[in-house]
Amino acid sequence: MMIGGAPSFLLLLLLPITVLSAFEVPYPQTSAQIRSSIVASDASFATPPPPPQNKNDENQPITRQILLGSGTMAEVITCIPPKKTTSPDMLENIFSSLFGTDNTSSSSKNNKPTLAFLHGSFHASWCWAEKYMPFFASLGYPCVAFSLQGTGGTQVMEAGAKKVKIASHVADLNAFLKGLSDDDAATLGLELGDDPKIVLIGHSFGGLTIMKWLERMYGDNNDDNSNSPKDINLAGVGLMCSVPPSGNGAMTMRFIRRSLVDAWKITAGFVMKKAITDKAICRDLFFGGTEDDNGISDEDVERYQSYFQRDTVATIDLGDLAKKLPSALADVETGRAPFVDRLPPVFVVGATEDFIVDREGVDETARYMGLAEPMIVDSPHDVMLGRRWNNGADAILEFIGAL
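This structure is a prediction, so every number in the text was calculated from the model and none was measured.

Comments concerning the overall build of the chain
Regarding its fold elements, the chain presents 13 helices and 12 strands. Here the chain holds 403 residues, and the buried ones make up 51% of them. Restricting the contact set of the chain to residue pairs at least 6 apart, pairs at least 24 apart contribute 74%. In the structure as shown, the chain presents an accessible area of about 18,200 Å², 54% of it carried by carbon and sulfur atoms.

This is the structure:
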């Protein structure tokens, strides 16, 4: 039997087929394994995983270490929905290969943007992998995140360094985003396409890092042809409980005026790293109140504290950052960034029970990004963890649904 000259065995290819990424390994299911599931960045040395045993297994995060174009060997976590090709799509692909036609309009193409997440201080990419990444992947959104230098999974470039300059974080973020394209010379090999549409989402200090990256890419002083906004298909930007453009200084003074106790907790938690050893301070800063308030058990706190200890090997160089804060470029009257009109759509989220970033800080960030006001969700600072994680996720869905 022949179809348009094609041999009959091609009929066998018309059965529904699920195409999985060629180099994934299961994401660790226990806290002790979070950093142990690391595979080579070269896909040719990795073994394809067995087919998922149930539907939920398809959207499990995957941990790798990958060399970024900036030279940093970074921990990268991905949660990418499997590519499913149906019979009509397979027929189109067959005739495309036989006759050299373009099949880019195939319905198997995922037009949903890739969500690229960036963590804040004391955290790493794991914080997105517990709730957000599986959730959004189950809705068809590819999810990616990488850990900044100085965390347990991404060592500092300068051996033994205890501080990392903001320029290093910005360079790594730029290399990471460029590498999401399969067409980039330093591609990460994640098979997201030659020009993936990206929504970049940062939390806490990750938000300020994104502001500095936007300044580099869209600012008036960007005369580096190797860092053109055209190199990255940025569809949107989201800042969640972000450190404001003026940094922590002004907020700290506000906290001192409001409550010396709260100001001490923040200082002790971060500067003295008490958030790693003191459960009460850890809860107050990140998770809000008691176990009943946000569903974070004592065992969860201990687990997160072990991550915090591992992810504070080196911290941001605050002295260096103080000289380069985004607010230095803001319009004196409006507080807007000078490049805001060149940006794609933006959203800014604050939390009702944020112990670290106050409402004034959230409003400052919104103004800097050209917004009249932020979105406020019912949550503590760590919007991606605990019982109320879905409130922040819903805010993201509302934003990306309107793109």
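Picking up where we left off.
Let's talk about the packing of helix α6 (residues 249–258) against helix α7 (residues 260–270)
Where α6 contacts α7, the axes come no closer than 6 Å and their chain directions differ by 140 degrees. Considered as vectors, α6 and α7 are oriented oblique to each other. Packed against α6, whose contacting residues are F255, I256 and R258, the element α7 presents L260, A263 and I266 at the interface.

Considerations on a nonpolar patch on the surface
A contiguous nonpolar surface patch, about 300 Å² in accessible area, is contributed by M253, I256 and L260. When you line up the elements, L260 lands in helix α7.

Some details on the sheet that holds strand β12 (residues 375–380)
Spatial ordering of the open sheet is given by β2-β3-β6-β5-β8-β9-β11-β12, a layout of 8 strands whose pairing is mixed. If you trace the sheet from one side to the other, it starts and ends with β2 (62–67) and β12, each paired once. In this sheet, adjacent strand axes meet at a mean angle of 25 degrees when their direction is disregarded. Relative to strand β6 (residues 143–146), strand β5 (residues 114–118) runs parallel, the two being bridged by 4 bridges. Note that in β6 the partner of F117 across the bridge is A145. On the sheet, helix α13 (residues 389–401) packs against β5, β8 (198–203), β9 (234–240), β11 (346–353) and β12 and is oriented at approximately 155 degrees with respect to β12.

With respect to the side chain of D358
One can find D358 in the loop between β11 and α12 (359–368). Polar side-chain contacts of D358 include one of 3.2 Å to the side chain of R258.

Some thoughts on the nonpolar core
The biggest cluster of nonpolar side chains holds 103 residues, and the ones touching the most others in it are F117 and Y132. Considering each element in turn, this core owes the most residues, 8 residues, to helix α5 (residues 205–218). Aside from chain neighbours lying at most four places away, what touches F117 is W128, Y132, M133, F136, C143, V144, A145, F146, I201 and I396.

Details of helix α4 (residues 166–179)
Between its first and last C-alpha, α4 extends 20 Å over 14 residues, near the 20 Å set by a 1.5 Å rise per residue. Counting buried residues in α4 gives 11 out of 14 residues, a clear majority hidden from the surface. Looking only at α4, the buried set comprises I166, H169, V170, D172, L173, N174, A175, F176, L177, K178 and G179.

Let's talk about the side chain of R388
Tracing the backbone shows R388 in the loop between β12 and α13. For R388, the side chain forms a polar contact with the side chain of D378, separated by 2.8 Å. Among all residues touching R388, those that are not within four sequence positions of it are D293, N294, E353, D378, S379, P380 and V383.

Procedures and definitions
Each chain carries its own residue numbering, running from 1 in the written order of its sequence. pLDDT decides what is reported in this predicted model: residues at 70 or higher carry local features, side-chain atom pairs at 80 or more are listed and counted, and totals for whole chains, interfaces and linings draw on all residues regardless. As a convention, hydrogens and water are excluded, and side-chain values are obtained from all of the structure's heavy atoms. Numbered from the N terminus, helices here are DSSP runs of H or I no shorter than four residues, and strands are runs of E no shorter than two. Note on exposure labels: buried denotes an accessible area under 20% of the residue type's maximum, exposed denotes more than 50%, and partly exposed covers the range between, all computed with a 1.4 Å probe on protein chains only. Throughout, a contact is declared for two residues whenever any of their heavy atoms are within 4.5 Å. Residue exposure ignores everything except the shown protein chains as possible cover, and the areas themselves are Shrake-Rupley values with a 1.4 Å probe. To obtain an axis, a line is fitted to C-alpha atoms, over the contacting stretch when the element is a helix, and the angle between two such axes runs from 0 to 180 degrees between their N-to-C directions. Geometric relationships in this document are graded by angle, where less than 35 degrees denotes roughly parallel, more than 145 denotes roughly antiparallel, 65 to 115 denotes roughly perpendicular, and other angles denote oblique. Exposure above 30% relative accessible area and the lack of any salt bridge qualify a residue for a patch; like charges then connect within 9 Å, and the nonpolar side chains Val, Leu, Ile, Met, Phe, Trp and Tyr within 5 Å. A pairing counts as a salt bridge when a side-chain nitrogen of Lys or Arg comes within 4 Å of a carboxyl oxygen of Asp or Glu. For two strands to pair, DSSP has to find at least two bridges joining them. Two N or O atoms count as a polar contact when they lie within 3.5 Å, although within protein this holds only if one can serve as hydrogen donor and the other as acceptor, and sequence-adjacent residues are included solely when both atoms are side-chain atoms. The set of buried Ala, Val, Leu, Ile, Met, Phe, Trp, Tyr and Cys residues whose side-chain atoms join them within 4.5 Å is what this entry labels a nonpolar core. By this rule, a helix spans an expected 1.5 Å times one less than how many residues it contains.

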